[in-house]
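Architecture at a glance
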Amino acid sequence: KAGVTQTPRYLIKTRGQQVTLSCSPISGHRSVSWYQQTPGQGLQFLFEYFSETQRNKGNFPGRFSGRQFSNSRSEMNVSTLELGDSALYLCASSGAGTSGYNEQFFGPGTRLTVL
Amino acid sequence: EDQVTQSPEALRLQEGESSSLNCSYTVSGLRGLFWYRQDPGKGPEFLFTLYSAGEEKEKERLKATLTKKESFLHITAPKPEDSATYLCAVLKTSYDKVIFGPGTSLSVIP
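Residues numbered from 1 in each chain as written. Chains lettered and ligands numbered in written order. Predicted model: local features only at pLDDT ≥ 70, side-chain atom pairs only at ≥ 80, totals over all residues. Heavy atoms only, no water.

**Some thoughts on the state of the cysteines**
All names here are of chain B. Note the threshold: In what follows, a disulfide is any cysteine sulfur pair within 2.5 Å. Runs of E in the DSSP output that reach at least two residues are strands. Runs of H or I that reach at least four are helices, and both are numbered from the N terminus. Buried residues are those whose accessible area, probed at 1.4 Å on protein chains only, stays under 20% of the maximum for their type, while exposed residues exceed 50% and partly exposed ones sit between those limits.
In the structure shown here, the tally under the stated rule is two disulfides over all chains. Disulfide pairing is shown between Cys-23 and Cys-88; the S-S distance is 1.9 Å. Of note, the bridge from Cys-23 to Cys-88 carries an S-S torsion of about 70° and is right-handed in sense. Of the two residues, Cys-23 is situated in strand β3 (residues 19-26) and Cys-88 in strand β9 (residues 84-91); the sequence distance between them amounts to 65 residues. A relative accessible area of 0% means that Cys-23 is categorised as buried.

**Remarks on the interface of chain B and chain A**
Keep this limit in mind: Any pair of residues with heavy atoms lying within 4.5 Å of one another is described as a contacting pair. The salt bridge criterion pairs a side-chain nitrogen of Lys or Arg with a carboxyl oxygen of Asp or Glu, the two atoms within 4 Å. The term polar contact refers here to a pair of N or O atoms within 3.5 Å; inside protein, the definition further demands a hydrogen-donor-capable atom paired with an acceptor-capable atom, and it admits residues adjacent in sequence only when both atoms are side-chain atoms. When residue character is reported, Ala, Val, Leu, Ile, Met, Phe, Trp, Tyr, Cys and Pro are called nonpolar, Asp, Glu, Lys and Arg charged, and the others, Gly included, polar.
Counting residues at the interface gives 19 residues for chain B and 21 residues for chain A. Counting across the interface, chain B meets chain A through zero salt bridges. Where chain B packs against chain A, one counts three residue pairs in polar contact (both at pLDDT 80 or more). Counting residues per element, the side of chain B that touches chain A draws most heavily on strand β4 (residues 32-38) of chain B, at three residues. Classifying every residue of the side of chain B that touches chain A gives 10 nonpolar, five polar and four charged.

**Considerations on unusual backbone geometry**
The residue after Thr-7 of chain A, namely Pro-8 of chain A, is reached through a cis peptide bond having omega -10°. For Pro-8 of chain A, the location among the structural elements is in the loop between β1 (5-7) and β2 (10-13). For the peptide bond that leads from Ser-7 of chain B to Pro-8 of chain B, omega is -10°, which places it in the cis range. Looking at the element boundaries, Pro-8 of chain B is found in the loop between β1 (3-7) and β2 (10-14). Backbone geometry at Glu-52 of chain A places phi at a positive 70°, although glycine is not the residue there. By relative accessible area, which is 47% here, Glu-52 of chain A ends up partly exposed. A positive phi angle, near 45°, is found at Ala-77 of chain B, a position not held by glycine. Looking at where Ala-77 of chain B falls in the secondary structure, it is placed in the loop between β8 (70-75) and β9.

Here's what the structure looks like:
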């Protein structure tokens, strides 16, 4: 069974630009969550999508947005990039459904560097 | 406020020297507690899920236990390949967000 895939793996952008990251969950998983990981803050929850609907949201500014498609693939977008947005962005999928939440499986991450 | 803390922040062990990592949480109505292992530059790798106090799970040299306030990850006779950051995370309700702790960085010296 293929794992969670994320593209691209590395990105370099400049301040003020925008970026779109992509995540393909494990086949059959309908829940996709996004996290930002930095050395100082650890893993910070961004948002979770389930069946194309945002189910949970973390404490990030509106510059961070996401969406999920009917095939469960998800994208997150960051507009007007700031230096502090440099981080490893992780996507995790879960087989959570009507029975509730299960463990998450993470992708390799996208390393974003903002210059 | 819901919070997850982990101790120690960093741990250095000699190969074969057993020890335990701690995860303390203040969450009302715990639905589940997860342990992950993360290698540098990679995504976390799922290890265990614990659902109720008294529960234990084992995998190779790792054993996770859960009480009402904390969880322990016991590492027996560690090897250098066990070096990684170990993360715990908690879930309040079935449809809530997962809250991660800051992690414990483990180094096992040959």
